[in-house]
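Observations on chain architecture
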Amino acid sequence: MNKIDQVLTKQQQNKGDRYLYIIKIGGNVIDNSENLYRFLKDFTALPGFKILVHGGGKVATQLSETLGVEAKMVDGRRITDIETLRVVTMVYGGLINKNIVAQLQRFGNNAIGLTGADGDFIRAKKRPVKKIDYGFVGDLDENSIKPQNLISLMDAGFTPVFCALTHDGAGQLLNTNADTIASALAVALAKYYHTTLIYCFEKKGVLKDINDEESLIREIDPQYYEELKEQQVIHSGMLPKLDNAFTAIARGVKKVIIGHSNDLGNIKEHQPFGTNLIEHYL
Ligand SMILES: Nc1ncnc2c1ncn2[C@@H]1O[C@H](COP(=O)(O)OP(=O)(O)O)[C@@H](O)[C@H]1O
Ligand SMILES: CC(=O)N[C@@H](CCC(=O)OP(=O)(O)O)C(=O)O
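The protein appears in an unreviewed UniProt entry as Acetylglutamate kinase from Mucilaginibacter gotjawali. Listed under Subcellular location (unreviewed entry) in UniProt, the entry text for the protein is "Cytoplasm". UniProt, in the comment section headed Sequence similarities (unreviewed entry), describes the protein in these words: "Belongs to the acetylglutamate kinase family. ArgB subfamily."

Here it is as structure tokens:
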């Protein structure tokens, strides 16, 4: 057994006292400075190890339009030509990532802002051209994340903050959906930590009626998810989010929650929070 494997085996044995929160925030939280402030404060107060993953599609679309680069989405994924890749690199890797890191530092959280290329933390494969050419969009697989260096970074006291950019290992940055990055990180790290994956957005969770915040669904299993899809209770961005969430559950992540960024503090207070995804109802 080599040295790294020995260290990792030891870490696996010690999983008992190693808790990790992987939390993803999307464009609507980033766009609302009050909600973002509150979220980052509550995120900092969570116990244990933490990783933040952020999107920012909304800001990228706004800046694209200002720069005269047309924003095109298909099935919730951005068609990323070379001009768009330049925009998202500036917005995700620069503007949003560095602002979040600076705000976390204010709360005493020693955050370090990363793309998947930094430290070779996340390698992706450019999506093959089939019916649609998505351009510089990266897909993840089970080999995309090698956890060793990420574990070392967290052991050294840093909080990784990942944006929605990865790389292909051959010099090319790729745009990768932030929900997918969060799910892949949770799957890769679930062997080493008691891992909770949380998707925070601007609603209480998955709602029966999207216009009624009181219609929160507290628990969903895959069978109920299928029924909700058939009834068209779930649509648009919530579909890929739930697909990513159930992928994480199927691959060993024990706890996945979808909830409002303003309610994150409920976790510390041991209060109910958002929609919990479960393998199946008992
Ligand atoms: N049943 C549902 N409950 C809550 N949100 C839903 C539901 N069905 C569709 N949605 C939509 O999904 C969106 C969240 O997906 P998305 O925009 O991709 O999130 P993010 O802000 O994290 O990127 C919500 O803003 C909402 O418009
Ligand atoms: C390939 C792809 O679609 N990438 C996303 C990455 C950003 C993201 O995921 O942002 P939200 O979480 O705010 O939606 C995009 O460019 O919109």
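Read on, since the account is not over.
**Comments concerning the site of ligand 2**
By nearness alone, 16 residues border ligand 2, and Lys24, Gly27, Gly56, Arg78 and Tyr92 come closest of all. For ligand 2, an oxygen atom lies 2.8 Å from a polar atom in the backbone of Gly27. Asn175 places a side-chain nitrogen or oxygen 3.0 Å from an oxygen atom of ligand 2. Here ligand 2, which alone exposes 430 Å², has 89% of that area covered by the protein. Counted by class, the shell around ligand 2 contains four nonpolar, nine polar and three charged residues.

**Focus on the nonpolar core**
Grouped together as the largest cluster of nonpolar side chains are 82 residues, with contacts concentrated most on Ile22, Ile23, Ile51, Leu52, Leu185 and Leu264. Looking at which element gives the most residues to this core, the answer is helix α5 (residues 82-106), with nine residues. Those residues in contact with Ile23 that lie beyond four places of it in its chain are Phe39, Phe43, Leu46, Ile51, Leu52, Val53, Ile198, Cys200 and Leu264.

**Observations concerning the environment of Ile122**
Of note, Ile122 is situated in the loop between β5 (111-114) and β6 (125-126). On the basis of relative accessibility, which here comes to 0%, the residue Ile122 falls in the buried class. Measuring from C-alpha to C-alpha, the distance between Ile122 and Leu140 comes to 8.2 Å, with 18 residues separating the pair along the chain. Leave out the neighbours within four places in its chain, and Ile122 touches Gly116, Ala117, Leu140, Ser144, Ile145, Phe162, Thr166, His167, Ile181 and Leu185.

**Describing the sheet that holds β5**
The strand order across the open sheet formed by eight strands is β5-β8-β2-β1-β11-β13-β14-β12, and the pairing between neighbours is mixed. The open sheet has two edge strands with one neighbour each: β5 and β12 (219-220). Its contacts with the sheet place α5 against β1 (19-25), β2 (49-54), β5 and β8 (159-162), and it is angled at close to 175° to β5.

**Re unusual backbone geometry**
Despite not being glycine, Asp120 shows a phi value in the positive range, around 55°. You can call Asp120 partly exposed: its relative accessible area is 33%. A positive phi angle, close to 55°, is found at Gln232, a residue other than glycine. As for its position among the elements, Gln232 is in the loop between α8 (222-230) and α9 (238-250).

**Looking at the pairing of β1**
Across the seven residues of β1, six count as buried, placing the element largely inside the fold. Across seven bridges, the pairing between β1 and strand β11 (residues 194-201) is parallel. Within the sheet, the bridge partner assigned to Tyr21 lies in β11 and is Thr196. Sheet analysis places β1 next to β2, joined by six bridges and oriented parallel. Residue pairing across strands places Ile25 opposite His54, the latter belonging to β2.

**Topic: the packing of helix α4 (residues 57-67) against α5**
Close contact between α4 and α5 brings their axes to 9 Å; oriented N to C, the two are set at 130°. What the angle tells us is that α4 and α5 run oblique. The way α4 lies across α5 gives a crossing that is right-handed. Contact residues: α4 offers Gly57, Val59, Ala60, Leu63, Ser64 and Leu67, while α5 offers Val87, Val88, Met90, Val91, Tyr92, Leu95 and Ile96. Of the residues in the contact of α4 with α5, the class split is eleven nonpolar, two polar and no charged.

The rules behind these values
- As a convention, each chain's residues are numbered from 1 in the sequence order in which they are written.
- Chain letters and ligand numbers both follow the written order, the letters beginning at A and the numbers at 1.
- For this predicted model, a pLDDT threshold of at least 70 governs which residues receive local features, and a threshold of 80 or more governs which side-chain atom pairs are given and counted, while totals over whole chains, interfaces and linings are taken from all residues.
- As a convention, hydrogens and water are excluded, and side-chain values are obtained from all of the structure's heavy atoms.
- UniProt positions are given in the numbering used here, feature names are shortened, and annotations may be inferred rather than shown by experiment.
- It suffices for a single heavy atom of a residue to lie within 4 Å of a molecule or strand for the residue to be listed as near it.
- Under the rule applied, a polar contact is a pair of N or O atoms within 3.5 Å (in protein, one hydrogen donor and one hydrogen acceptor; residues adjacent in sequence only if both atoms are side-chain atoms).
- Computed by Shrake-Rupley with a 1.4 Å probe, the accessible areas treat only the displayed protein chains as cover when residues are assessed.
- Ten residues, namely Ala, Val, Leu, Ile, Met, Phe, Trp, Tyr, Cys and Pro, are considered nonpolar, four, namely Asp, Glu, Lys and Arg, are considered charged, and the remaining ones, Gly among them, are considered polar.
- Each nonpolar core is a collection of buried residues, namely Ala, Val, Leu, Ile, Met, Phe, Trp, Tyr and Cys, held together in the definition by side-chain atoms within 4.5 Å.
- Exposure classes here rest on a 1.4 Å probe applied to the protein chains alone. A residue is buried below 20% of its type maximum, exposed above 50%, and partly exposed in between.
- Under the DSSP-based scheme used, a helix requires at least four consecutive residues in state H or I and a strand at least two consecutive residues in state E, with every element numbered from the N terminus.
- Any pair of residues with heavy atoms lying within 4.5 Å of one another is described as a contacting pair.
- In this analysis, strands are considered paired if DSSP registers two or more bridges between them.
- In this analysis an axis means a line fitted to C-alpha atoms, helices contributing only their contacting stretch, and an angle means the value between N-to-C directions, from 0 to 180 degrees.
- Angles below 35 degrees are treated as roughly parallel, those above 145 as roughly antiparallel, those between 65 and 115 as roughly perpendicular, and all remaining angles as oblique.
- Should the near helix be turned counterclockwise from the far one by less than a right angle, the crossing is left-handed, whereas a clockwise turn marks it as right-handed.

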